[in-house]
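What follows is each chain in one-letter form.
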Amino acid sequence: MKNILLTVLLTLFISSVLLAEEPIKVVVTYPYLESIVKEIGKEKVDVSTLAKGTEDPHFVVPKPSLIGRLRQADILFINGASLEIGFLPPLLKQANNTKINPGADYLIDLSKRVELIDKPENVSRSEGDVHPEGNPHYYLSYNNLPKIAEGIRDGLIKVRPGSKEFFEKNCSSFLKRYEEKKEKWDSLLGKINGCKLIQYHRLFNYVAKDAKCTIFAEIEPKPGIPPTAKHLEEIIKKANGQSVLKIIGDDYHETKSVKRLSEEAKIPYVILPHDVKSFDEVKDIFSLYDTVVGRLSE
Amino acid sequence: MKRIFVVLLILLVSGILYAQSNDNPFIQNKFNPDMSLIADFAFVSSDIRDESRERLEIPEFMHHMPHSHMNKNRGITFNYLELALSAPVDPYFDLVAISTYAPGHGIEIEEVYADTKFLPYGFGLRLGLFKSDIGRQNSKHAHIWDFYDSPVIYDSLLGTEGLSGAGFRLTYTFPVDFLLQLGTEVFQGSTDEPVSFNADGFTFLDKTIEPASKPALFTGYIKTSFDFGDHIFLLGSSVIYGQSNLVHSHHHHGEEEAEESHPDHAVSASGTILYGFDLTYKYIVDAYRYLSFEGEYLSRIIDGNLYLANDNGTADESDDVALEKKLYKTNSGLYVQTLFKFDKRWRTGIRLDYLFEPDIRIDEQSLEQEDEKLYKLSCMLEYYFTEFSRLRFQYNYDHTKYFEERMLPVQEFILSLNFAVGSHGHIHFN
């Protein structure tokens, strides 16, 4: 009897030690979050990402296999601001993981950490795909990175308080590297200060704000609505003599309209990544900002 | 019923408006359930008259046209209005209620169920009235069907709207990096419009069948899904077990009231088994394009008694007696479809329905079957203004239906429009 008890206790002890050493199962919605989680969690996290970098972030394919990953997750980090509203809720419902169900402690909405812009006064779908919370593409501004990183750091600490120092140390060294990079990015954006930009979708509003630029026009007549020939002509007319600096296309929308507009309005265009892994060279969060800021200020 | 629905809707909307427009210190609008409305309309052109359509059948598969919200009468039709409400009840449950108003059908509560949020270790529990999760097509509501109509094998064996009922479901999801899920459901098993399963009793002429002890309908299924890069696979296998107490009527031709029908024969089987397999393969081309292939096979085995009317050779039907025979019957069929989403706004697809020759033995004597191959071909083209509004063209060539005991191929051209407003709908893995 004593032996059995001892064996059971020993097994429990050993398994708890083993469990403590097992990496935290982190699920994130987008590749940019994966990149930051890996910087802060290092070997103590095992990250799964729901979306691919080449997908439209609003229309991610809800692969049923993702349910298995969500079911095992210790924590889920999302972009928030309704960017995941179309594909995540049914997957979460199927996974039925008490830790990350909506309202549970380990579903971390990072949009709550940052100040969102372009919050619509009235919400109506006649205005296209509008987000009541504000523009959800806040992560494209490097100025929001510290807040996102801190959100991830705090989430990981909540799952494993014993590794608090580890996560804090990684986060601060990550942010130190960021500060060095930021100086370069600031000076690059400084070069285009006050410019006018045209973009395809409302992806780069935060970047434009950082550069103190104005979004002169959008190729989509309304968010999520593909452009018409008439709308493009209106932009060409409006842009005539306005010295618009650049037309911004992105990796997942069609580029035909961007090129046409560029040709006819004689404004150079640039194709920017919307997420990590959208282009081969955009390997992590720093190269995302390097590419966005670099190409924009070229 | 219709009035209650309208009043409810007006109350809900005015409540929301009131709450938003006043400085009411007791405003509770943040607690209002998520609400969405779906409206469906169609224009149908067909080479069969509406009165004749009502009398179409598929011998040994479908005795009369199934109950459906998708109107197939010729001309312009309003099909249905669906109201879906959902909200967390508390930290432990979510409640979902989906009701539909369809002309000629009145208000129907399609689903009202609670999902638990507190079960650990990958278990899930659903309680209430809901659609079964067996198969691939069964749990889908009409607005997310890939075609205007449901597959013929569903119409024949489970009903156009699929198997649903009051009961509970327990699921278990395995802790693996792909999807592996087991589910089992227990349903009461009694229904107003039985297709394959019914546990209620019946009286057929002088024969009375007692109701089965309830709950009387059980299902089990396994689903798995995995992917290799942009190639996604989803496989499922399901089984349903239950009581089949079915009375089949036939219409007496030439009578003034088409509604007037007489029981023709009845079936009572205690261990009817329906099983199925499904396979989906989807290739993601890029952010907006995909190619998918889906197939599903269903088979039903009825082993019980058949009751035929023995009319004693007199004109008076009141002294008819039921003639009892042994019945063994297997019905199977499948559908296969390919969909191609070739643009953000366009999708096209083709579907083939096929019914296998049934195996029927009455008193251990095999019944001769007709030689006709039973199949239906459908093609569709969809245009999405946005994910909230869809226009669909569909052409059907239906070679499964019989009219007055003769094969009658039916051609249809359907133009349908679907709108969704309210809380954001979800992208489905179609």
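Residues numbered from 1 in each chain as written. Chains lettered and ligands numbered in written order. Predicted model: local features only at pLDDT ≥ 70, side-chain atom pairs only at ≥ 80, totals over all residues.

### Here we look at the interface of chain B and chain A
Step number 1: The interface of chain B with chain A comprises 33 residues on the first partner and 30 residues on the second.
Step number 2: Elements represented by at least two residues in the side of chain B that touches chain A include exactly β7 (179–187), β10 (217–228) and β11 (231–251) of chain B.
Step number 3: Residues that form the side of chain B that touches chain A fall into these classes: 19 nonpolar, seven polar and seven charged. (Contact = placed C-beta atoms within 7 Å. Helix = DSSP H or I, 4+ residues; strand = E, 2+ residues; numbered from the N terminus. Nonpolar A, V, L, I, M, F, W, Y, C, P; charged D, E, K, R; others polar.)

### What about the sheet that holds strand β5 (residues 196–199) of chain A?
As a general point, the strands of a sheet are linked pairwise by backbone hydrogen bonds and lie either parallel or antiparallel.
All names here are of chain A.
Step number 1: Reading across the sheet, the four strands line up as β6-β5-β7-β8 and stay open at both edges, with parallel pairing between neighbours. Every other strand in the sheet has two partners, leaving β6 (214–218) and β8 (269–272) as the edge strands with one partner each. Ignoring which end each strand starts from, the neighbouring axes of this sheet average 30 degrees apart.
Step number 2: Of the strands in this sheet, β7 (246–250) and β8 touch helix α9 (residues 256–265), which is tilted by about 170 degrees from β7.
Step number 3: Across the sheet, helix α10 (residues 285–297) touches β7 and β8, and the angle it forms with β8 is around 180 degrees. (Pairing = 2+ DSSP bridges. Axes fitted to C-alpha atoms, helices over the stretch in contact; angles between N-to-C directions.)

### Looking at the packing of helix α3 (residues 65–72) of chain A against helix α4 (residues 88–95) of chain A
Residue and element names in this part refer to chain A.
Step number 1: Two elements in contact, α3 and α4, have axes whose closest approach is 8 Å; the angle formed by their N-to-C orientations is 65 degrees. For α3 against α4, the interelement crossing comes out right-handed. For the pair α3 and α4, the contacting residues are Leu66, Ile67, Leu70 and Arg71 in the first and Leu91, Leu92, Gln94 and Ala95 in the second.
Step number 2: A breakdown of the residues in the contact of α3 with α4 according to their chemical character gives six nonpolar, one polar and one charged. (Left-handed = near helix turned anticlockwise from the far one by under 90°.)

### Structural notes on the domain arrangement of chain A
Residue and element names in this part refer to chain A.
Step number 1: Here chain A is partitioned into domain 1 (21–182) and domain 2 (192–297).
Step number 2: Centre-to-centre, using C-alpha coordinates, domain 1 lies 25 Å away from domain 2.
Step number 3: On the domain 2 side, the residues contacting the 26 residues of domain 1 number 25 residues.
Step number 4: Considering every element that reaches the side of domain 1 that touches domain 2, the biggest residue donor is helix α2 (residues 31–41), with four residues. (Domains from an automatic or database assignment.)

### Notes on the packing of α2(A) against helix α6 (residues 164–190) of chain A
All names here are of chain A.
Step number 1: Where α2 contacts α6, the two axes come as close as 7 Å, and the packing angle between them is 120 degrees. Taken together, the axes of α2 and α6 lie oblique to each other. Taken together, the residues of α6 that come into contact with α2 (itself represented by Glu39, Ile40 and Gly41) are Phe167, Asn170, Cys171 and Phe174.
Step number 2: Of the residues belonging to the contact of α2 with α6, the class tally is four nonpolar, two polar and one charged. (Parallel < 35°, antiparallel > 145°, perpendicular 65-115°, else oblique.)

### Thoughts on α2(A)
All names here are of chain A.
Step number 1: Most of α2 sits inside the fold, with 10 of its 11 residues counted as buried.
Step number 2: If you check which residues of α2 are buried, you get Pro31, Tyr32, Leu33, Glu34, Ser35, Ile36, Val37, Glu39, Ile40 and Gly41.
Step number 3: Close packing links the buried residues of α2 with β1 (24–28), β2 (45–49), β3 (75–78), α5 (145–159), α6 and α10. (Buried ≥ 20, exposed ≤ 12 C-beta atoms within 10 Å, placed from the backbone.)

### Notes on the pairing of β7(B)
All names here are of chain B.
Step number 1: Where strand β6 (residues 164–173) and β7 come together, seven bridges link them in antiparallel fashion. Residue Gly167 lies in a different strand from β7, and its bridge partner there is Phe187.
Step number 2: Where β6 folds back onto β7 in an antiparallel hairpin, the turn is made up of five residues.
Step number 3: Examined bridge by bridge, β7 and β10 share nine bridges and lie antiparallel to one another. Within the sheet, the bridge partner assigned to Phe187 lies in β10 and is Leu217.

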